[in-house]
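Chain residues, written in single-letter form:
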Amino acid sequence: MIHFFSYILQLLSTKRVMVQAKTWVLKQHFEGFPKHTDFELKLEQLSEPRDGEVLLEAVFLSVDPYMRPFSRVRMQAGDVMIGTQVAKVIQSNSPSFPVGCHVVGRCGWRTHTVSNGSDITKILDDWPQDVSLSHALGAIGMPGLTALYGLEEVCAIKSGETLLVNAAAGAVGSVAGQIAKLKGCKVVGSAGSDDKVAYLKELGFDQAFNYKTVPSLEEALKNASPEGYDCYFENVGGPFSSVAIPQMKTFGRIAVCGGISLYNDTTPQTGPYPHLQMIFKQLKMEGFLVGRWEHKNDESLKRMLTWVQEGKLKCKEHVTVGFENMPAAFMGMLRGENIGKAIVKV
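Here the structure is a predicted model, which means the values were calculated and not measured. (Residues numbered from 1 in each chain as written. Predicted model: local features only at pLDDT ≥ 70, side-chain atom pairs only at ≥ 80, totals over all residues. Heavy atoms only, no water.)

Side note on empty space enclosed by the protein
Here comes step 1: Tallying each qualifying case throughout the model produces 2 cavities of 30 Å³ or more.
Here comes step 2: The calculated volume of the largest cavity comes to roughly 70 Å³.
Here comes step 3: As for the largest cavity, its lining consists of 13 residues, and the residues nearest its centre are A139, A171, V175, K316 and K341.
Here comes step 4: No other element matches the 3 residues that helix α4 (residues 171–182) contributes to the lining of the largest cavity.
Here comes step 5: Looking at the lining of the largest cavity residue by residue, the classes come out as 5 nonpolar, 4 polar and 4 charged. (1 Å grid on protein atoms, 1.4 Å probe; cavity = no way out; pocket = protein on both sides within 12 Å on 5 of 7 lines; lining within 4 Å. Points joined across faces, edges and corners; volume = space filled by probe spheres on them. Helix = DSSP H or I, 4+ residues; strand = E, 2+ residues; numbered from the N terminus. Nonpolar A, V, L, I, M, F, W, Y, C, P; charged D, E, K, R; others polar.)

Right, here's the structure in full:
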C-alpha cells in the first residue's frame, strides 16, 4: 500500500513538459554504401504520456551492421532509422518503470520516445556503478548475447576445440573469441588492421592476422591452425567464407551471424559454392537471430556481467559524441573504423 501511494504522489508531482524529439529518418533506401544524403534530421513534437506510458530520454545509442540489410526489408523511406538505445525514464505513468530508472529500448535513432513499455526492458537492478550503462548495448547486451548463443546454441562448442572468428575485433567477434577462450578453446581471429590484430592478442586470441595484408588468406588460415577448425563464427561472408569453409574439420559447425562483406553490394556476389565441401565433411551451417533465445536473456546477461566484473570479459568501445553524428558513426562502423562496440553518446 505504501508503494502504491508513493507511486500516486510521483504521478501528481511529475512536471508535465511538452518535449520535442530529434530523429534521424531514412530519407531514401541505400544504394550501395550509405551516404549522408540518405539521412534527414527531423523534429517531432511528442504527446503527453498516457496511462501506462513513459517518456524516455536517450543516453547512449547503438550503431550495428544489421541496420544496413534490415533497413531494406524492415523500413520504408521516411521511417525513423531502426536501432537500440539506453534511455532514462524522465516522466512515468507506469509503476513498472519509475522516473530515474534506465532501460534498453528498441526506439530507433531518436532523442526522446513515448513508450507503452512493450519495446523497453529495465536494465538489471544490480548493475554495478563502475560499469558504464553503454555496455548494455554491447558485451552485456545484444552483441554479447549474439556471441554467446552463436557459440553455445548453434555451434555447441566444447573445450579443446578450435574456433575461427572473422570481424574478430568488432562488437560480436571480440566477445565470441573471449567466451571461447573461457571455455578452453583455441581461438583464431581475423581482422582488418594491425591495431585490431594487436587488440585481439591482448584479449588472449591464440592466433590473429590482418586479412588485408596477408599474401594468402588460405595460407594464413592453414598456418594459424594446420589441423583445421571445429567451429567457425561467420560475420563476413563472401570470398572469406569461400576460403574458410574448406579449412573446416569433418563434422564442423558454422554459426552464420552476419555477412558484412555483402551488405552494400548493388550486384549480388556469386560463387564459389560450398556444397561439395559441406557434403564431404558433413558440415553443419546455420544462420541465426539472437531473439530466438530471448527466454534465456536474464540468466545470460547476468553471466556476462559477472565475467566483466571478474575481468574475464573485456569490453572496448568506440564512442562518438553527439546525436547529430549518428549517420557518421554508422558509416564509420560499416567501414570498420571501430575496435569493439560502436556507440553514440548523446
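Some thoughts on the sheet that holds strand β11 (residues 229–234)
Here comes step 1: One open sheet holds the 6 strands; their spatial order is β10-β9-β8-β11-β12-β13, and the pairing between them is parallel. Of all the strands in the sheet, just β10 (207–210) and β13 (284–287) have a single pairing partner and so form its edges. Strand-to-strand, the axes of this sheet are offset by a mean angle of 15°, without reference to chain direction.
Here comes step 2: Note that β11 and strand β12 (residues 248–256) share 5 bridges and pair parallel. (Pairing = 2+ DSSP bridges. Axes fitted to C-alpha atoms, helices over the stretch in contact; angles between N-to-C directions.)

Description of the pattern of salt bridges
Here comes step 1: Applying the stated criterion across every chain, the model contains 20 salt bridges.
Here comes step 2: Residues E152 and R303 are paired through a salt bridge, measuring 2.9 Å at the closest nitrogen-oxygen approach. Of the two residues, E152 sits in helix α3 (residues 142–155) while R303 sits in helix α9 (residues 297–309), which places them 151 residues apart along the sequence.
Here comes step 3: Here E152 falls in the partly exposed class, since its relative accessible area comes to 22%.
Here comes step 4: Its relative accessible area of 26% is what places R303 among the partly exposed residues. (Salt bridge = Lys/Arg side-chain N within 4 Å of Asp/Glu carboxyl O. Buried < 20%, exposed > 50% of the residue type's maximum accessible area, 1.4 Å probe, protein only.)

Section: the UniProt feature "domain: Enoyl reductase (ER)" (unreviewed entry) in the chain
Here comes step 1: According to UniProt, the "domain: Enoyl reductase (ER)" (unreviewed entry) feature falls on residues 32–344.
Here comes step 2: End C-alpha to end C-alpha, residues 32–344 measures 23 Å, and it is 27% helix and 25% strand. (UniProt positions renumbered as here; feature names shortened; annotations may be inferred.)

Observations regarding the pairing of strand β3 (residues 54–62)
Here comes step 1: Counting buried residues in β3 gives 7 out of 9 residues, a clear majority hidden from the surface.
Here comes step 2: Alignment of β3 against strand β4 (residues 85–92), held across 7 bridges, turns out to be antiparallel. Within the sheet, the bridge partner assigned to A58 lies in β4 and is A87.
Here comes step 3: Across 4 bridges, β3 lies against strand β6 (residues 112–115) in antiparallel orientation. Within β6, the residue paired with L56 across the bridge is T113.
Here comes step 4: Where β3 and strand β15 (residues 341–345) come together, 3 bridges link them in antiparallel fashion. Note that in β15 the partner of F60 across the bridge is K345.

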